[in-house]
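The primary structure of each chain is shown beneath.
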Amino acid sequence: MTGTADVGVDKDSDESAAAVPSAPGNESEGRPEPGPTPEVSLIKDRTIKTPAPAKTPGQPGPPPAETTTAPEPAAPEPAAAGPEAPAGPPDDHDALDDAPHLDVDEPLLAARAHRPSDLIRFLAGVLGIVAVFLLAGIATSTTTGIEQDIATNAPHFSAVFSTITGLISSVAVLAVPLAFAVERLIKRDGLRVADGVLASVLAYGVSLGIDWWVAEGASDNIREALTRLPMDSNGTLTDPVHGYLAPVIAYMTAVGMSSRPRWRIALWVVVVFSGITELLGGYTTPLSLLLTVLIGWSVAYGTLYAIGSPNIRPTGQHLMIGLRKVGFTPAGAVRAPDAPGGTRRYHVIQQDGPPLDVHIIDREQQASGFFYRGWRRLRLRSVAVRRSPQSLRQALEQEALIAYAAAASGACAPQLVATSELGPDAAILVYENVEGCTLDELADEEVTDPVMASIWQSVAALHERRIAHRRLTGESLLVVDERTGCLVNLSGGDIAATDLTLRIDVAQLLTTFALRVGPERAVATANAVLGAERVAQALPLLQPVGMSRSTRVDLAKLTKERKAAARARALEQVAAGERTQQQAEEDIAAAGEDLLSRIRGQILQIAPEAPMAPAKLERLKPKSLIMVIALTFAAYLALTTIKPAQLKLSQLNWAWAAAALLAAAFSYVAAAMSLTGFVPERLPFRRTVAAQLAGSFVKLVAPAAIGGIALNTRYLQRAGIRSGQAVASVGASQLAGLAGHLLLLFSFGLITGSQTNGDLSASRAVIIGVLTAAVLALVVAAVAPLRRFVLGRLRSLFFGVVPRMLDLMQTPSKLVTGFGGILLLTLSFTACLDFSVQAFGGDVSFSAVAVVFLTANAAGSAIPTPGGIGPVEVALIGALTAADVSLSVATPAVFLYRALTFWLPVLPGWIAYNVLQRKNAL
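All values reported here derive from a predicted model rather than from experimental measurement. (Residues numbered from 1 in each chain as written. Predicted model: local features only at pLDDT ≥ 70, side-chain atom pairs only at ≥ 80, totals over all residues. Heavy atoms only, no water.)

## Some details on the overall build of the protein chain
Per the secondary structure count, the protein chain includes 33 helices and 16 strands. Out of the 922 residues in the protein chain, the part that is buried amounts to 46%. Counting contacts in the protein chain only where the partners sit at least 6 residues apart, residues at least 24 apart contribute 76% of the total. Only carbon and sulfur atoms are counted for the fraction: they give 62% of the accessible area of the protein chain, which is about 44700 Å². (Helix = DSSP H or I, 4+ residues; strand = E, 2+ residues; numbered from the N terminus. Buried < 20%, exposed > 50% of the residue type's maximum accessible area, 1.4 Å probe, protein only. Contact = heavy atoms within 4.5 Å. Areas by Shrake-Rupley, 256 points an atom, 1.4 Å probe, with all protein chains shown as cover.)

Written out as C-alpha cells, the structure is:
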C-alpha cells in the first residue's frame, strides 16, 4: 500500500486535513479503510496498549510491551528560546500545542545549526567581491564608459522626482526593517532579530574597513571605479561602500526574510529605489552598488554560519503530525542511526499496525557534502558520478522511484508504503520495518556465505532491471538472519543505469565483502551467483578512485595495518635468527600488497581472460591539478620576487654569470651520483639525472627536502626496486648527505678561521652548533617520551638503512660514487654562489662562501616553505653581509644564485617530469 500527501504544518492549517485513503486489500496492515475522512488528533486514550518498539539495526532488542496510563494533558507553555528548546519549522508551534506530545526517543536537537548552505553562499559572496575588485582594476574602460552614460542621461530625470524618491527611499529603507523587527518581536522570534542586528553591525565595520583601504591602499583604477566626485562637493570623494545600505542588506538577509515574500519584496524595492537615486544623483557608481550588495550578503551568511542559524529542522513531534495526516496511527518513535548522506531515520511504533521505518530528508541534509560532491564531479567522469537532486521535491521523487523499482525487480529491500512533504523544508518516506543488523555491526565470523549469496542475488535482480545501488557498503547491507540479507539505503541509486555503473556496483560489493571475509571467499561467492563472466567485467573497475569514501579509508587502513604488523614480525624474526634479512623484506613486500590487487588475482584465477587494463574513470587527476597550481604559483612568485632592478644587470659580469650557470647545471649530475651511489642495483644514469631535474619542479609545491625524498623514492620504486629498499636507499643518501654537510661545515669553518688571522668567528659558530646538538641529544635522552620516539625511529632506520649500507660495502665503487656525489653537490652550489658574488664585483674567499652557503641554506630550509622561498634568500643575504660583503652586492648576487638554481630549472624540470611520467618512470 502506498499513499502520498502534502502535509502543511503552518499555524493556519487545519489539523483535521484529509488523509490519503488506503488502497483496498491492505486492511491487515492496520491502516484505516477507505471512507469518511477521519478526525486527526494527537490526544492519546486514557489507557493505551503501547507496542514494544521494533529492534533498531545495531540496537538491543525491544523491551516487553507494557500498559501505560497517559497523564492529563498539561496546558501548553511557550517554548523557551534557548538551547533547551530547539526550534521547529516556522509557525509550527500551534499545531504541536493543540495536543500532548507522543513519546519520541531522540537526542535533543541543537538550538542552532551551522548550515553548509550558509558557508557556500558566504564563499560565493567573497568570490564575487574579489571579482568586483578585479573588474575595477582591469576593465577601466568599461566601468568609465558606464559611469559616463549614467552621467549623460541623469539630467533627463526630473529633479523633483529624484528628490521625492530619494526622500521616500531613505525613510523606507530604515522603516521597513524596523517594522519587520517589531513584528518578529511580537511573535517571540527575538533570536532572528538579534542575528540580523549582529550581521548589520559587522557589515558596517567591514564597510568602514574597505572604505579606508580604497582611500589609502588601493590602486588608482580601483579608486576611480568605486568612487566619484559629486558636483556639489568640496573635493570629497563618495564612499566606495554605502555605510547604511550594506548593513540593511546584511540585516534583511540574516533575519530570514527569504521565507516571507511580502516583506522581502518590500525591502528590496526600497533598496533598489535608494540605489537608483544615489546613482542618478552622482553619489555612487554601479560597481560600488554591486560591492555594497555583495558585502551585505556575504557578511550576513558568514555571521549565520559562524554563530549558527535557529534550527528549523522538523523534530519527531512534527513527524508524528505528518504520519497522522497520511493515515497512520503512531504511538511512539525511536531515533535510529542516520542513513548515508545524513538522512534522519526513525523507527515508529503504531497503535494499530506494524512498525515503520521513516526517513526524513530536508534542505540542510541536501546541502551537506557539497564541496566533496563538487570535487568528485570535477575529478571523475560523469558516468561514474551520480547527479544530486536539485530540489527537495526531486530528492523525494528520486528516492521513491528507486524504492518502487527495487520492489518491482524482486530484490530483497524494504517496501515503501507512503511519502509526504513535511512542511516547506522537509519530506518523509515511510518504509516497512525490517529487523536486522547491518554488515558493519557484525563480527567477521558472523558474515556467512549464505548471507553474502542472498545479497548478491538481490543485486543481480536489480541489475537485471538496469538499477544500480551505488552505495553497496557495510551500512547498506542488512543481515536479517543467518541466511538472508537485505539491501537498504537505495536513495543514491540510478534508474536505467549504464553498464559501467553496474560494473562499479559489482566492484564495490566485492571490495566490501573482501574487507570482511578476505578476497578468496568474496570472489568465490560472487562467482557462484553471478558467474565468472560478470565478475570478470568488474576487474577494470577495482580502483580506489571508483570506491566510496568509507571504502577508500578502510582500504588504506588495512594496508597500513598489514604493513605495520609484517614489519614488527620481521624485526622479531630477524632478531631471533628465524629469517634472513632478504626473507624479511620479501614478507614485508608481500604484506604491502593492497587488497584490490589480491581481489584481481582471485578473479584472474577463475577468469584468466579477464581484461586487465583499468577503466578510465578520472577526468582530472590530482597530479594534473597540482601541476597547474604549481605553474601558476611559480609564475606569480617569479613576477613578484624577481625584479630586474634587484638583479642590477647593468653591473653584471657575464663571464662569471656563465660560470655560475655551469656550476648550477653540474649540481644535477652530482645529485644523480649521490643517489646512484647508495643503490646497489644498476640505474640508468641519464634518467637519474632527469629525475633530479624533475625535482626542481616538485620543489614549487613542497619543501625542498620533502619533495626530493618523495620523488627519489617514487623513482626507485618505478625502477623495479622494492618499496622498503627504495626508502632505505634514499634514507642512506640523506644520512650521508647530513654527515657530509656537517663535516664540510666544520672543515670550511676551520679554514676560514685560520685565514682571518685569529678571527675565529666562523669556527666559534661551528662549535656553538655542535654544542647545541649535544644539548638536544641530552634532552632527548632525559625525556622518556622523546627517547622512546627517537629509539623507535632509529630501530626502523637501522632495520632498513644499515643492511643497505652493508650491501654497498661489497662494492666500494658505489660508496665512492655516493660520497663523491655528495661532496660535488655541495661544492657545485657553493661555486655557483661564489661565482654569483664575483659577477657583481664581490671579493670574498671560497671557504667563507662555503660557510655562508652551508649555514644559511640549512637555516632557511628549516622553515617549510615551497623551495625555501623567502627564508633562504633572507638567510643568504644576511650571512653574506655578516661575511663583509656589502648589501649592494649580496642582494643581487643571492637573486642571481636563486634564479640559476631554483627558477631557471622550473621549466626544464616540468618537461622532465612529464617525460618521465609518460615513460612510467615516475
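Moving on, there is more to tell.
## Some points on unusual backbone geometry
Positive phi outside glycine occurs at Arg 466, with the angle close to 60°. Assessed through its relative accessible area of 33%, Arg 466 is described here as partly exposed. In this structure, Arg 470 is a non-glycine residue whose phi angle is positive, near 75°. Summarising the element assignment, Arg 470 is placed in the loop between β13 (467-468) and β14 (477-479).

## Notes on the packing of helix α23 (residues 654-676) against helix α29 (residues 812-839)
At a minimum axis distance of 7 Å, the contact between α23 and α29 shows a crossing angle of 160°. Between α23 and α29, the interaxial angle falls into the category roughly antiparallel. Seen along the crossing, α23 lies across α29 with a hand that is left-handed. Looking at the contact of α23 with α29, its residues break down into 18 nonpolar, nine polar and one charged. (Axes fitted to C-alpha atoms, helices over the stretch in contact; angles between N-to-C directions. Parallel < 35°, antiparallel > 145°, perpendicular 65-115°, else oblique. Left-handed = near helix turned anticlockwise from the far one by under 90°. Nonpolar A, V, L, I, M, F, W, Y, C, P; charged D, E, K, R; others polar.)

## Focus on the pairing of strand β11 (residues 426-432)
The element β11 is extensively covered by neighbouring structure, given that six of its seven residues are classed as buried. As paired elements, strand β9 (residues 356-362) and β11 share seven bridges and run antiparallel to each other. Within β11, the residue paired with His 359 across the bridge is Leu 429. Taking the residues that link successive antiparallel strands as the turn, the strand β10 (residues 416-422)-β11 hairpin has three residues, and the phi of Gly 423 there is positive, at about 80°. (Pairing = 2+ DSSP bridges.)

## Side note on the pattern of salt bridges
With the rule as written, the count across this model stands at eight salt bridges. In this structure, Arg 393 and Glu 421 form a salt bridge, with 2.9 Å as the shortest nitrogen-oxygen distance. Taken together, the positions of Arg 393 in helix α13 (residues 392-409) and Glu 421 in strand β10 put the pair 28 residues apart, joining distant regions of the chain. Given the relative accessible area of 35%, Arg 393 is considered partly exposed. Between Arg 470 and Asp 494 there is a salt bridge, and its shortest N-O distance comes to 2.7 Å. (Salt bridge = Lys/Arg side-chain N within 4 Å of Asp/Glu carboxyl O.)

## Points about the nonpolar core
Phe 513 and Ile 603 are the most contacted members of the largest nonpolar core, which has 53 residues in total. Elements that contribute at least two residues to this core include exactly α13, α14 (449-464), β14, α15 (499-517), α16 (519-530), α17 (532-537) and α20 (595-606). Among the elements that line this core, the one with the most residues is α15, at nine residues. Apart from residues lying up to four places away in sequence, Ile 603 is in contact with Leu 510, Val 523, Val 535, Ala 536, Leu 539, Leu 542 and Ala 610. Formed by 38 residues, the second largest nonpolar core is a distinct cluster that contains Leu 744, Ala 839, Ala 856 and Leu 880. (Core = buried A, V, L, I, M, F, W, Y, C linked by side-chain atoms within 4.5 Å.)

## Observations concerning the side chain of Arg 345
Inspection of the secondary structure puts Arg 345 in strand β8 (residues 343-350). A distance of 2.9 Å separates a polar atom in the side chain of Arg 345 from the backbone oxygen of Pro 337. (Polar contact = N/O pair within 3.5 Å; in protein donor to acceptor, adjacent residues only side chain to side chain.)

## Structural notes on helix α19 (residues 581-591)
Those residues of α19 that sit buried are Ala 584, Glu 585, Ile 588 and Ala 591. Looking down the long axis of α19, one finds its buried residues gathered within 125° of arc, a one-sided arrangement. (Arc of directions from axis to C-beta.)

## Let's talk about a nonpolar patch on the surface
On the surface, a cluster of nonpolar side chains totalling about 230 Å² of accessible area is made up of Val 126, Val 130 and Leu 134. Residue placement: Val 126 occurs in helix α2 (residues 116-138). With relative accessibility at 33%, the residue Val 126 sits in the partly exposed group. (Patch = residues over 30% accessible without salt bridge, like charges linked within 9 Å, V, L, I, M, F, W, Y side chains within 5 Å.)

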